[in-house]
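Remarks on the overall topology
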Amino acid sequence: MPLDREKTRSVQVLGIDAGGTMTDTFFVDANGDFVVGKAQSTPQNEALGLLESSREGLQHWGLSLEEALSSIQTGVYSGTAMLNRVVQRKGLRCGLIVNAGMEDFHRMGRAIQAYLGFAYEDRIHLNTHYYDEPLVPRHLTRGVMERIDMFGDVVIPLREETARQAAAELIAQDVEGIVISLLHSYKNPAHERRVRDIVAEELEKAGKTTPVFASTDYYPVRKETHRTNTTILEAYAAEPSRQTLRKITGAFKENGSRFDFRVMATHGGTISWKAKELARTIVSGPIGGVIGAKYLGEVLGYKNIACSDIGGTSFDVALITQNELTIRNDPDMARLVLSLPLVAMDSVGAGAGSFIRLDPYTKAIKLGPDSAGYRVGVCWAESGIETVTISDCHVILGYLNPDNFLGGQVKLDRQRAWDAMKTQIADPLGLSVEDAAAGVIELLDSDLRDYLRSMISGKGYSPSSFTCFSYGGAGPVHTYGYTEGLGFEDVIVPAWAAGFSAFGCAAADFEYRYDKSLDLNIARDGSDDLKAHEARTLNDAWHELTERVLEEFELNGYTRDQVKLQPGFRMQYRGQLNDLEIESPIPAAKTAADWDKLVAAFNDTYGRVYAASARSPELGYSVTGAIMRGMVPIPKPKIPKEPETGATPPEAAKLGTRKFYRKKKWVDARLYRMEKLLPGNRITGPAIIESDATTFVVPDGFETWLDGHRLFHLKEV
């Protein structure tokens, strides 16, 4: 690119994916061009890894960090720090106020929490189940006397003296946050809000500023355990994460930035790090990849997409059908059931950093679920790792260039990996080191392939109806292995696969979303008066949620007329267990005719998500929740569009050959520099396409070609 273009480049958007292994940055300029940076994560101080990744990426544009930050308008962060804090139980010391007589329900949890995340064989044996320590211990839990029933009616008035006593006792124990969650407060919040005010009065008397979190102010939805867990997360984990994000924002401002970071939220939009409901960002990195795939699909016309993301610690899968994401309202995370709108994803604890061990009794190979994370494996001499990982297999088999990992930032030692694999895996199994490493890769690919197939077929689809997007730092290394034989319509690896989740962050809307549980039921032949009444009830909920959305935007300097509002609702056929999230076709609902429009939108979506023949209007309809989303426009990355050239790669892209082991033999794989390949180029395996941030493996029996959008298409030949 001409020098004058580099000097006048105006960088507008920064997307960040701070994973457990690598930290990716994604910069977009005023013309929509983008560049990806990558560096090892620095868990002890996330800002260090972010700044290093930013510098590495901007070098490709000949810019310093300070030059770029001076013009950036918006920055979006995603990461796993909050989730890790919950998993490791390293949150704040919090108190909990519940109904008198219910003081043990948080500690008891739901039965499913005793086996969440277990393999099938462990789920079916009761003696393997266990409960984690509760986020709030029993001695910091207090009860207040009151009761509201499931219809929202007061059965026992609030005994205010019990609330004052509970508040005083928790304050005396120097808790760092107080959570309030009372039965059925989503139906009638009066008692919970009064307890909140009493706690605030007691804190003022004590001269303390401890934050108070009432569930009705955050998550006014049904299911007490889910709602309580999620509200506790706001105090326990979100507040420390807010401090981390404040430090990251400060570190960037010290280098010349003028923007405040937004954070990828579980529902697929982005919110400010100052947002009230920061627990919505508990799992943000993998969500970014799904949003990036959806954005690409909308621009390029891919409607059914199987998203597959392999990083250092996990394999994450999500399905996009007819350009629509599935949103789960009561997901589980870190072995907790929660009340959060979450883009439906499934995850396997197997990634490039996963440890490899032998079962001491059966000698079967076990992969993960723990991982070396940013320390890669034994192949990195400075890692301190002694147990071999998937990355060690990559180095042994010739997949990776040990001198070009992260563009040479980290030097890997093949002999170290080879020696460790021989001692720990190959010799006990009576195999050569190469066959042991190849067997591990085949096992991983087989597991991921079966998982991907079962996820698609389990939802009633066939892979032939989907395009598979493969991304993440380790995705392109394994794409051929876990897609082989599934018969996808197409398999696509973006040239920026390593920073794809950060790309998704940059493509995500600035969006706040609030939900509220409802119980509206109408038979198919319900009267017009009843339809109008239920429509108005839904409309009242939309109005309540609208005020909360607009308040959040006002905190970020946006006026009400700048916000685009989109109401939604959750509906199901009466008697069914699962509801669907529907975007409302109308801005307000007040009449029977409006109700009929909502029903028509639900029936249309149900027919597309499942099948037209599966619709059951004779059962009648139930609205289970109201949704309000507010959005403001932001600049988004432009998808590349370059003219296609010939099929033969240019000489400048050729790097020679490297020995590559597969199917019990060494072959000479042709090496190519990813950035030097031109649209239209075709490459037949065995070949390895290298970039600083990732490696795309094309073995014998496969072919790939690069289109004008810089997307690699992989197919079996």
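Below or above, wherever it landed, is the structure these notes cover. Position labels on residues start from 1 in each chain and follow its written sequence. Reporting in this predicted model follows two pLDDT cut-offs: at least 70 for local features of residues, and 80 or more for side-chain atom pairs to be given and counted; totals over whole chains, interfaces and linings ignore these cut-offs and use all residues. Computation of side-chain values: all heavy atoms of the structure, hydrogens and water removed.

**Some words on the overall build of the protein**
As a reminder of what qualifies: For the purposes of this entry, the term helix denotes a DSSP run of H or I that reaches at least four residues, the term strand denotes a run of E that reaches at least two, and both are numbered from the N terminus. Each radius of gyration is computed over the set of C-alpha atoms, and the globule rule expresses the reference value as 2.2 Å times the number of residues to the power 0.38. Here the term buried applies to any residue with accessible area under 20% of the maximum for its type, exposed to any over 50%, and partly exposed to those in between, with areas from a 1.4 Å probe on protein chains only. Only heavy atoms matter for contacts: two residues are in contact if any of them lie within 4.5 Å across the pair.
Of the regular secondary structure elements, the protein holds 18 helices and 35 strands. Relative to its length of 717 residues, the protein is compact, with a C-alpha radius of gyration of 27 Å against a globular reference of 27 Å. Taken along the three principal axes of its C-alpha coordinates, the protein extends 80 × 55 × 55 Å. A burial count over the protein gives 58% of its 717 residues as buried. A sequence separation of at least 24 residues applies to 68% of the contacts in the protein between residues at least 6 apart.

**A look at the pairing of strand 11 (residues 261-264)**
Test applied: Being paired, for any two strands, means DSSP has found at least two bridges between them.
Judged by which residues are buried, strand 11 turns out to be covered on both faces: Phe261 and Val263 on one side and Arg262 and Met264 on the other are all buried. As paired strands, strand 4 (residues 74-79) and strand 11 are joined by 3 bridges and run parallel to one another. Residue pairing across strands places Gly75 opposite Phe261, the latter belonging to strand 11. Here strand 11 folds back onto strand 12 (residues 270-272) in antiparallel fashion, the turn holding 5 residues, of which Gly268 has a positive phi close to 105°.

**Description of the packing of helix 14 (residues 433-458) against helix 15 (residues 475-483)**
How two helices sit against one another is set out by the angle between their axes and by the gap between those axes. Threshold: Lines fitted to the C-alpha atoms define the axes, with helices restricted to the stretch that makes contact. Angles between their N-to-C directions range from 0 to 180 degrees. In this scheme the handedness of a crossing depends on how the near helix is turned from the far one: anticlockwise by less than a right angle means left-handed, clockwise means right-handed. Each residue is assigned to one of three groups, with Ala, Val, Leu, Ile, Met, Phe, Trp, Tyr, Cys and Pro labelled nonpolar, Asp, Glu, Lys and Arg labelled charged, and all others, Gly among them, labelled polar.
Put simply, helix 14 and helix 15 touch, their axes get as near as 8 Å, and they point 65° apart. The two elements helix 14 and helix 15 cross, and the hand of that crossing is right-handed. Only His478, Tyr480, Gly481 and Tyr482 of helix 15 make contact with helix 14, whose side of the interface consists of Ile441, Leu444, Asp445, Leu448, Arg449 and Leu452. Of the residues belonging to the contact of helix 14 with helix 15, the class tally is 6 nonpolar, 2 polar and 2 charged.

**Re helix 10 (residues 224-254)**
The following threshold applies: Here, expected helix span is obtained from the residue count minus one, scaled by 1.5 Å. We define the bend at each residue as the angle formed by axes fitted to the 7 residues ending at it and the 7 residues starting at it.
The end-to-end C-alpha distance of helix 10, which contains 31 residues, comes to 44 Å, matching closely the 45 Å that a straight helix rising 1.5 Å per residue would cover. Ala238 marks the point of greatest bend in helix 10, at about 40°, and the proline Pro240 comes within the next four residues. Of all 31 residues making up helix 10, 24 are buried, and the element is well covered by its neighbours. Of the residues one or two after helix 10, Gly256 is the one with positive phi, at around 110°.

**Focus on the sheet that holds strand 5 (residues 94-99)**
Each strand in a sheet pairs with another by means of backbone hydrogen bonds, the pair being arranged parallel or else antiparallel. Read from one edge of the open sheet, 4 strands run 6-5-9-10, paired in parallel fashion. Among the strands making up the open sheet, the edge pair consists of strand 6 (141-144) and strand 10 (212-214). Averaged over all adjacent pairs, the angle separating strand axes in this sheet is 20°, with direction ignored. Inspection of the sheet shows strand 5 paired to strand 9 (residues 177-180) by 4 bridges, in the parallel sense. When the sheet's bridge partners are listed, Ile97 is paired in strand 9 with Ile180.

**What to know about the nonpolar core**
Stated precisely, the cut-off is as follows: Each nonpolar core is a collection of buried residues, namely Ala, Val, Leu, Ile, Met, Phe, Trp, Tyr and Cys, held together in the definition by side-chain atoms within 4.5 Å. Where a domain begins and ends is set by an automatic assignment or by a domain database.
Ranked by internal contacts, the top residues of the largest apolar core, which has 183 residues, are Met421 and Trp496. The leading source of residues in this core is helix 14, at 11 residues. If you count residues domain by domain, this core takes at least three from each of domain 1 (88-232) and domain 2 (369-440). Excluding residues that lie within four positions of it along the chain, Trp496 makes contacts with Phe26, Phe34, Val36, Leu296, Phe503, Pro640, His709, Arg710 and Leu711. Of all hydrophobic cores here, the second largest spans 38 residues; its members include Leu545, Val599, Ala601 and Met628.

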